[in-house]
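# Per-entry structural report
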Amino acid sequence: MQFPSDDHEHMTIRGVKNVTHDGVAARATIMCRNYETDIEDLWNAISDPERIGRWMRPISGELRLGGHYQLKDNAHGTINECIPPRRFAATWEYGAQLSWIIVELEKLGADRTRLNLRHIAPSTAQSNDFWGRFGPGGAGIGWDLTLLILGLHLSSGGLVDPAQADAWIPSAEGQRFIASISDAWVETSIAYGTAVEAAREAGANAAAFYTGEMPRER
């Protein structure tokens, strides 16, 4: 299976901004990518439990307003907003960390849809320590991989085997992809206001984690 990493790199916009979420000071990691499909198909791909399991990972729970979800061996949370086929918002709870995700779909044409993702983390000491060590790439590279695989699923309509994705990352192409995406997040961090050397060091740490070269403390 081929992973269309070049297309993803060219089609993805990244950003970071300070925000307030539910009255709490926070930092948002932002991603936008266009997909060559209609808004209903993209909404179905990110909201139907059976279909989510075909490209992301198995998910259980009730995917409805107020419902609780659990991604296998990953995050869980509560769905706080759901407006089909335009928007959903949920908590993103992983270990002791609480953050939030907001996903919005924008119809660009009959067969073209923009996905806007915001992953919002509160400005706590623990969250700020994580940011200092890994920068926006600490979460951003993982979302890049997720949106890449979503694009592969949408183009093929089939199952994306997680084992194939895991095997692709150590390949020459996978390593180049991680390095390139890490560089993109470093530039995003610098544009946000991070000192150049600190942004580069954090980017190197994030890339090393995703390539399996170092552990990441949560």
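Scroll up for the structure.
So, here's what we can say about the structure. Treat the numbers as computed from the prediction; the structure is a model and nothing was measured.

Conventions and cut-offs
- Residues numbered from 1 in each chain as written.
- Predicted model: local features only at pLDDT ≥ 70, side-chain atom pairs only at ≥ 80, totals over all residues.
- Heavy atoms only, no water.
- Phe/Tyr/Trp six-rings, centres within 6.5 Å; stacked < 30°, edge-to-face > 60°.
- Helix = DSSP H or I, 4+ residues; strand = E, 2+ residues; numbered from the N terminus.
- Buried < 20%, exposed > 50% of the residue type's maximum accessible area, 1.4 Å probe, protein only.
- Lys NZ or Arg CZ within 6 Å of the ring centre and 35° of its normal.
- Salt bridge = Lys/Arg side-chain N within 4 Å of Asp/Glu carboxyl O.

A separate point is the packing of aromatic side chains. Per the stated rule, a full pass over the model turns up 6 aromatic pairs. On the numbers, 5.1 Å between centres and 50° between planes, the contact of Trp92 with Trp143 is tilted. Taken together, the residues Trp92 in strand E6 (residues 87-94) and Trp143 in helix H5 (residues 137-156) connect sequence positions 51 residues apart. Given the relative accessible area of 12%, Trp92 is considered buried. Assessed through its relative accessible area of 10%, Trp143 is described here as buried. Arranged with centres 5.6 Å apart and planes meeting at 70°, the rings of Trp131 and Tyr192 form a pair that is edge-to-face. Here the residue Trp131 occupies a position in helix H4 (residues 125-134), and Tyr192 occupies one in helix H7 (residues 172-192), the gap between them amounting to 61 residues. What makes Trp131 buried here is its relative accessible area of 15%. Residue classification places Tyr192 among the partly exposed positions, given a relative accessible area of 24%. Directly above the ring of Trp131 sits Arg27, whose terminal nitrogen or CZ lies 4.2 Å from the centroid.

What follows is about the pattern of salt bridges. Throughout the structure, instances matching the rule amount to 10 salt bridges. The salt bridge partner of Arg14 is Asp144, with a shortest N-O separation of 2.9 Å. One end of the pair, Arg14, is in strand E1 (residues 12-21); the other, Asp144, is in helix H5, and 130 residues separate them in sequence. We note a salt bridge from Arg51 to Asp41, for which the minimum N-O separation is 2.8 Å. Here the residue Arg51 occupies a position in helix H3 (residues 49-55), and Asp41 occupies one in helix H2 (residues 39-47), the gap between them amounting to 10 residues. For Arg51, a relative accessible area of 8% puts it in the buried group.

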